[in-house]
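# Coordinate inspection notes
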Amino acid sequence: MRDGLVSHSVWWLAVGMKVLIGMIFLSAGVSKALRRSSLERMVRHHGLHHPLLVHWVSVGLLTTEIVVGGIFLTAWSSVGTRIGAGGAIVLLVLFAAMSLRLSLLKRPFLCQCSPLLASHTSGIAVASRNLGLAALTGMLFFIHLDKNGSATWAIT
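Residues numbered from 1 in each chain as written. Predicted model: local features only at pLDDT ≥ 70, side-chain atom pairs only at ≥ 80, totals over all residues. Heavy atoms only, no water.

This part takes up the environment of Phe141. Relative to the assigned elements, Phe141 resides in helix H5 (residues 124-141). Measuring from C-alpha to C-alpha, the distance between Phe141 and Gly86 comes to 7.1 Å, with 55 residues separating the pair along the chain. Setting aside its immediate chain neighbours within four residues, Phe141 contacts Arg82, Ala85 and Gly86. (Helix = DSSP H or I, 4+ residues; strand = E, 2+ residues; numbered from the N terminus. Contact = heavy atoms within 4.5 Å.)

Right, dumping it as structure tokens:
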């Protein structure tokens, strides 16, 4: 009985994390799509200046965020969850590295990337938040969510 309760609690926690992280990525991607000029300004702020490169990096970034968010919100298989978690972890670590880079260069950037995360300035706090989200997302990579409402660690 107790194992079932713990398993169901872990299942609900994992589902909540999937929905939260999915909504963060989906809202960030849609927000970037609606404010492409701000996104392109951010890409140029990181040192990319060729117009075609700025365009493709911007489109690739917002598309990847929308896809990762969509996968998290719709894929309930272990494979789907792992694909979504893997993509999210890569993006979160990349965003953390970019934020730290701007901080070290003393070139902060006001980011308005997601309505769910509010506006923030790039820096160590943003990098720490993204690495924390990456760690939480890493847990989702190793959790198997059964259709019967239980969760098990899937380390295979």
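Soluble globular proteins tend to bury their nonpolar side chains together. Grouped together as the largest cluster of nonpolar side chains are 21 residues, with contacts concentrated most on Phe25, Leu39, Leu61, Val68, Phe72, Leu91 and Leu140. Of all the secondary-structure elements, those providing two or more residues to this core are helix H1 (2-34), helix H2 (36-45), helix H3 (51-74), helix H4 (78-104) and H5. Ignoring anything within four residues of it in the chain, the contact list for Leu140 reads Ala14, Met17, Lys18, Ile21, Phe72 and Thr81. (Core = buried A, V, L, I, M, F, W, Y, C linked by side-chain atoms within 4.5 Å. Buried < 20%, exposed > 50% of the residue type's maximum accessible area, 1.4 Å probe, protein only.)

Quick look at the packing of H2 against H3 now. Where H2 contacts H3, the two axes come as close as 9 Å, and the packing angle between them is 115°. The hand of the H2/H3 crossing is right-handed. The residues of H3 that touch H2, namely those facing Arg36, Leu39, Glu40, Met42, Val43 and Arg44, are Val54, His55, Val57, Ser58, Val59, Leu61 and Leu62. For the contact of H2 with H3, the per-class residue count stands at eight nonpolar, two polar and three charged. (Axes fitted to C-alpha atoms, helices over the stretch in contact; angles between N-to-C directions. Left-handed = near helix turned anticlockwise from the far one by under 90°. Nonpolar A, V, L, I, M, F, W, Y, C, P; charged D, E, K, R; others polar.)

This part is about the pattern of salt bridges. Scanning the model with the defined rule gives two salt bridges in all. Between Glu40 and Arg36 there is a salt bridge; the shortest N-O distance is 3.2 Å. Placement of both Glu40 and Arg36 in helix H2 is noted, with a separation of four residues, approximately one turn of the helix. (Salt bridge = Lys/Arg side-chain N within 4 Å of Asp/Glu carboxyl O.)

Along its 24 residues, H3 runs 34 Å from first to last C-alpha, staying within 8% of the 34 Å computed at 1.5 Å per residue. For H3, the set of buried residues is Val54, Ser58, Leu61, Leu62, Glu65, Val68, Gly69 and Phe72. (Expected span 1.5 Å × (residues − 1).)

Bringing the packing of aromatic side chains into the picture now. For the coordinates displayed, the defined rule picks out one aromatic pair. Measuring from ring centre to ring centre gives 5.1 Å for Phe141 and Phe142, while their planes differ by 75°; the resulting arrangement is edge-to-face. On the basis of relative accessible area, Phe141 is assigned to the partly exposed category, the value being 27%. Classification of Phe142 as partly exposed rests on a relative accessible area of 35%. The positively charged end of Arg82 is found above the aromatic ring belonging to Phe141, 5.4 Å away from the centroid. (Phe/Tyr/Trp six-rings, centres within 6.5 Å; stacked < 30°, edge-to-face > 60°. Lys NZ or Arg CZ within 6 Å of the ring centre and 35° of its normal.)

Attention shifts here to the packing of H4 against H5. Two elements in contact, H4 and H5, have axes whose closest approach is 8 Å; the angle formed by their N-to-C orientations is 165°. Put simply, H4 runs roughly antiparallel to H5. As for the relative orientation of H4 and H5, their crossing is left-handed in sense. (Parallel < 35°, antiparallel > 145°, perpendicular 65-115°, else oblique.)

Here Thr137 lies in helix H5. Given the relative accessible area of 0%, Thr137 is considered buried. A distance of 2.7 Å separates a polar side-chain atom of Thr137 from the backbone oxygen of Leu133. If sequence neighbours within four positions are ignored, Thr137 has contacts with Ile21, Phe72, Ala85, Ala88, Ile89 and Leu92. (Polar contact = N/O pair within 3.5 Å; in protein donor to acceptor, adjacent residues only side chain to side chain.)

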